[in-house]
Amino acid sequence: MIPFVLAAALSVLPTCDLEKPTGQPGCTRAAVDALPMNAIQVIGTHNSYKAAIAPEEMASFKLINPKAAASLDYAKPPLSVQLDAGARQIELDYVYDPKGGRYLSPLGLKLAKEKQPYDTSLMAAPGLKVMHVPDLDYRSVCQTFVQCITQMRDWSKAHPDHMPILVIMNLKDDQIPLPGATPLLPFDLAAMESIDAEILSVFAPDHLITPDKVQGRHPTLREAVAAGAWPKLKTARGKFLFAMDEGPAKTDLYRGARKSLEGRVMFVNVDEASPAAGYITLNAPKTQAARITAAVKAGLIVRTRADADTLEARTNDHSTQTAAFASGAHYVSTDYMTPDTRLSPYEAHLPGGGVARLNPAIKP
């Protein structure tokens, strides 16, 4: 719920940066901090960890499957650079490696005639490894899940007033149909437990927004968010929430017999009517606009995308990002906070500038 007087006051200055209020009428720190965290809209990055495919490997990939190669022809800077630029949603994909060493020798590197250096110093130890497509698109700006979230934690401690950062995660276990590719391990219950354990090995409980903290004394998480239970920005600043962006097979395993997500660290991407609903991924802002707006009004945190698969960047098409920002999704993800000038001037930024604005679906 958004108090009328606060939303009305903030609407006076539609360009008010909620992360750094100016103190002008309608943009004071007190007014902003009294808003719940689901009153904001921010930008984030898609596949935030992704480094470029090595040139020799990309050239070979283009010969085999030019369309797929084109969709993977992008890269991100270090996570701290993205956060400095205003990204408040980070996406990490990882594979399960409980014994360590499973991904030390990628097939693409072995087959390349001209080998680009690949640092494997962190790959031998047990733990989740961050990569997009094992054996093919495996280079990352941070190689392990713990390394990635440690970098984010350290940045957060140096910038304690930041808007709440959403970390969404894909759990990779689809086999790569290539002879000699490394078999991926399934995300079983032990793997699910390891995800929570790795998060808690880096973040102190008071650095996290968890399902239990939002649910409080409400019977379910869904009822809590419908009742406006998200923390106020004064409390949510400097904190992280983690969300598993997967389908029912994995989210059901993670939930187990829980009514909502009691005792769990992550939110999960589930249907809006589920007792565990607090977060949802709706990545098609043109065709899912009405559903996004309804989910926002129902109290759920929503993530959508401004662009995908390099398509908008290749044609300098801003229509998807316009729809994404207008939809009211809280976290709008892009591959282009800065343009890839090889393709076009295309880039995505929060309308009006700044890091965070009042969500356009919130109307006083």
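Treat the numbers as computed from the prediction; the structure is a model and nothing was measured. Throughout, a residue's number is its position along its own chain's written sequence, starting from 1. Only residues with pLDDT of at least 70 are given local features in this predicted model, and only at 80 or more are side-chain atom pairs given and counted; all residues enter the totals for whole chains, interfaces and linings. Think of the side-chain values as coming from all heavy atoms in the structure, minus any hydrogens and water.

Enquirer: I keep staring at helix α7 (residues 145-158) and nothing clicks. Help me out?
Expert: For an α-helix the count is 3.6 residues per turn, leaving residues at separations of three or four pointing the same way. The numbering of helices and of strands both runs from the N terminus, where a helix is a DSSP run of H or I of at least 4 residues and a strand a run of E of at least 2. An expected span of 1.5 Å times one less than the residue number is assigned to each helix. Taking 1.5 Å per residue as the helical rise, α7 with its 14 residues ought to reach 20 Å, and the 20 Å between its terminal C-alpha atoms agrees with that figure. Taken together, the buried residues of α7 touch α5 (79-84), β2 (89-95), β3 (129-130), β4 (165-171), α8 (189-202) and β5 (240-244). Residue contacts follow a heavy-atom distance rule, with two residues in contact if any of their heavy atoms lie within 4.5 Å.

Enquirer: Explain the state of the cysteines to me, please; I cannot follow it from the model alone.
Expert: One way to say it: the disulfide is the covalent bond shared by the sulfur atoms of two cysteines. Any two cysteine sulfur atoms lying within 2.5 Å of each other are counted as a disulfide. Applying the stated criterion across every chain, the model contains 2 disulfides. Between the sulfur atoms of Cys16 and its disulfide partner Cys27 the distance amounts to 2.1 Å. Its S-S torsion of approximately 80 degrees makes the covalent link between Cys16 and Cys27 right-handed. Residue Cys16 is located in the loop between α1 (4-10) and α2 (29-33), and its partner Cys27 is located in the loop between α1 and α2; the two are separated by 11 residues in the primary sequence. The same class applies to Cys16 and to Cys27, which are both buried. Put simply, Cys142 and Cys148 are joined by a disulfide, and their sulfur atoms are 2.0 Å apart. Residues Cys142 and Cys148 are joined by a disulfide whose S-S torsion is about 100 degrees; by sign, that bridge is right-handed. Just as Cys142 is buried, Cys148 falls in that class too. Cysteine pairing in the chain follows 1-2, 3-4, where each cysteine in a disulfide is numbered by its order in the sequence. Each residue gets one of three labels from its accessible area relative to the maximum for its type: buried under 20%, exposed over 50%, partly exposed in between, using a 1.4 Å probe on protein chains only.

Enquirer: How do you make sense of the pattern of salt bridges when you look at a structure like this?
Expert: Any two side chains of opposite charge can pair, so long as their charged atoms come close to each other. Any Lys or Arg side-chain nitrogen found within 4 Å of a carboxyl oxygen on Asp or Glu counts as a salt bridge. Enumeration over the complete set of coordinates arrives at 19 salt bridges. Residue Lys50 pairs with Asp137 through a salt bridge whose shortest N-O separation is 3.2 Å. Of this pair, Lys50 sits in the loop between β1 (40-45) and α3 (55-64) while Asp137 is found in the loop between β3 and α7, placing the two residues 87 residues apart along the sequence. On the basis of relative accessible area, Lys50 is assigned to the buried category, the value being 0%. Across the pair Asp340 and Arg342 runs a salt bridge whose closest N-O atoms are separated by 2.6 Å.

Enquirer: For this particular structure, what's the right way to read the nonpolar core?
Expert: General note: in soluble globular proteins, nonpolar side chains tend to be found buried as a group. Definition of nonpolar core: a set of buried residues of the types Ala, Val, Leu, Ile, Met, Phe, Trp, Tyr and Cys, connected through side-chain atoms within 4.5 Å. Leu92, Phe145, Ile195 and Phe242 are the most contacted members of the largest nonpolar core, which totals 88 residues. Top contributing element to this core by residue count: β4, with 6 residues. Discounting chain neighbours no more than four positions away, the residues touching Leu92 are Tyr49, Phe145, Cys148, Ile149, Met152, Val167, Ile168, Met169 and Asn170. By size, the runner-up hydrophobic cluster in this structure holds 8 residues, among which are Val95, Tyr118, Met131 and Tyr138.

Enquirer: Help me understand the sheet that holds β3 in this model?
Expert: Ordered in space as β3-β2-β4-β5-β6, the 5 strands form an open sheet in which the pairing is mixed. The strands lining the two open edges of the sheet, one partner per strand, are β3 and β6 (267-268). Note: β4 against β5, 5 bridges, orientation parallel. When the sheet's bridge partners are listed, Met169 is paired in β5 with Met244. Each pair of strands is called paired provided DSSP finds at least two bridges between the two strands.

Enquirer: Can you walk me through the environment of Pro179 in this structure?
Expert: Structurally, the position occupied by Pro179 is in the loop between β4 and α8. Spatially, the C-alpha atoms of Pro179 and Leu107 are 9.1 Å apart, while their sequence positions differ by 72 residues.

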